[in-house]
Amino acid sequence: MIKRCLFPAAGYGTRFLPATKAMPKEMLPVMAKPLIQYGVEEAVEAGMDIMAIITGRGKRAIEDHFDISYELEHQIKGSSKEHLLDDIRELINKCTFTYTRQIEMKGLGDAIYKGRVLIGNEPFAVLLADDLCTNTEGDGVLAQMVKVYEKYRCSIVAVQEVPMDQVNKYGVISGKEIDSGLYMVDTMVEKPEPEEAPSNLAIIGRYILTPDIFELIEQTEPGKGGEIQITDALMAQAKKGMVMAYKFKGRRFDCGSIDGFVEATNYFYEKSKEK
Ligand code: UTP
């Protein structure tokens, strides 16, 4: 039912300089697979087949990744390496990739708003590829969230408990737990100091949004850091109607940071050796 997944991928990725000087952060590989490909695979698993990617200057490699490279295909045809392209080929066949650019990096809320032309008037998912999520016990995180959406038909944010001294890196929610791990949001604060944080439930890079969010973003003034914050628009949505926070099952690696990226690499390396 949710067909489109939006990937805001216009950020500068300054924490990975100089690697991200000429290469998109989303193309950093964990093992041999770029972060954004993990994200697209998660979206496909959740039943989506239109990938709407918000790019910016210096991000062209993302478009080339989700396209055929005839020269390369020709070179490796019939060789022992041909199978290495199987997964990406399958994604290219299954999905439609659409793109638009964010001209000025005015924040995640603004990046999502730029996706309006690619999304239209329907509910959609948002996936931040630098949050790499995995669940070995069952459905991926977006697939879990689609199930919640099917029941409640409102915007949903994925949350995770984080140590209190780290809440200032995240949007933080509080709300009434209406089912195990499912909260009806009543407060949302962007990057609060620990003493101001309403809880330690931090929003990670997975959302399902209903399309009225676009008008709410339009009305959102720049917030923390002078950026248009999606958290502020979501808070407005929660006040008007309903927003849920879902404590997902599985693991999440913050691949936007060096520590998280190395952790993810070690994790997937160990997993690959188990096979
Ligand atoms: P981050 O703040 O983690 O990413 O934004 P960044 O700015 O690329 O990285 P650093 O902090 O400089 O290292 C979270 C996500 O939102 C996207 C980013 O691409 C990333 O996926 N984003 C952020 C945009 O697309 N546009 C923006 O204006 C801001």
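Values in this document were obtained by computation on a predicted structure and should not be read as measured data.

Here we look at the site of the ligand
- Neighbouring residues of the ligand: 18 residues in total, closest G13, T14, R15, Q102 and G107.
- One of the side-chain nitrogen or oxygen atoms of Q102 is found 2.7 Å away from a nitrogen atom of the ligand.
- Between an oxygen atom of the ligand and a main-chain N or O atom of K106, the distance comes to 3.4 Å.
- Protein burial of the ligand: of its 570 Å² of free accessible surface, 81% is covered by the chains.
- Of the residues in the shell around the ligand, the class split is eight nonpolar, five polar and five charged.

Here's the deal with the pattern of salt bridges
- According to the stated counting rule, one finds 18 salt bridges in the structure shown.
- For the salt bridge of D130 with K25, the shortest nitrogen-to-oxygen distance reads 2.6 Å. Note that D130 is positioned in the loop between β6 (124–127) and β7 (131–134) and K25 in the loop between β1 (4–8) and β2 (29–30), a separation of 105 residues in sequence. Each member of the pair D130 and K25 is classed as buried.

Comments concerning helix α1 (residues 35–45)
- Summarising burial for α1: nine of the eleven residues are buried, a large majority.
- Where α1 is concerned, the buried positions are L35, I36, Q37, Y38, G39, V40, E42, A43 and V44.

Observations regarding the environment of R89
- Residue position: R89 is located in helix α4 (residues 86–94).
- Through-space distance from the C-alpha of R89 to that of D67 is 8.4 Å; in sequence the pair is 22 residues apart.
- Apart from the residues within four sequence positions on either side, R89 is in contact with E73 and E82.

Some details on the pairing of strand β8 (residues 155–161)
- Across the seven residues of β8, five count as buried, placing the element largely inside the fold.
- Relative to strand β11 (residues 201–209), β8 runs antiparallel, the two sharing five bridges. Bridge assignment links Q160 to a residue of β11, and that residue is A202.

Examining the environment of K240
- With respect to the helices, strands and loops of the structure, K240 is situated in helix α9 (residues 230–240).
- A relative accessible area of 69% places K240 in the exposed class.
- Taking the C-alpha atoms as reference points, K240 and S180, 60 residues apart in sequence, are found 24 Å from one another.

Re the packing of α1 against α4
- At a minimum axis distance of 11 Å, the contact between α1 and α4 shows a crossing angle of 50°. Taken together, α1 and α4 sit at an angle that is classed as oblique. Where α1 crosses over α4, the handedness of that crossing is left-handed. Counting all contacts with α1, which are made through Q37, V40, E41 and V44, the residues of α4 involved are D87, I88, L91 and K94.
- Of the residues belonging to the contact of α1 with α4, the class tally is four nonpolar, one polar and three charged.

Each value, and the rule that gives it
- Residues numbered from 1 in each chain as written.
- Predicted model: local features only at pLDDT ≥ 70, side-chain atom pairs only at ≥ 80, totals over all residues.
- Heavy atoms only, no water.
- Near = heavy atom within 4 Å.
- Polar contact = N/O pair within 3.5 Å; in protein donor to acceptor, adjacent residues only side chain to side chain.
- Areas by Shrake-Rupley, 256 points an atom, 1.4 Å probe, with all protein chains shown as cover.
- Nonpolar A, V, L, I, M, F, W, Y, C, P; charged D, E, K, R; others polar.
- Salt bridge = Lys/Arg side-chain N within 4 Å of Asp/Glu carboxyl O.
- Helix = DSSP H or I, 4+ residues; strand = E, 2+ residues; numbered from the N terminus.
- Buried < 20%, exposed > 50% of the residue type's maximum accessible area, 1.4 Å probe, protein only.
- Contact = heavy atoms within 4.5 Å.
- Pairing = 2+ DSSP bridges.
- Axes fitted to C-alpha atoms, helices over the stretch in contact; angles between N-to-C directions.
- Parallel < 35°, antiparallel > 145°, perpendicular 65-115°, else oblique.
- Left-handed = near helix turned anticlockwise from the far one by under 90°.

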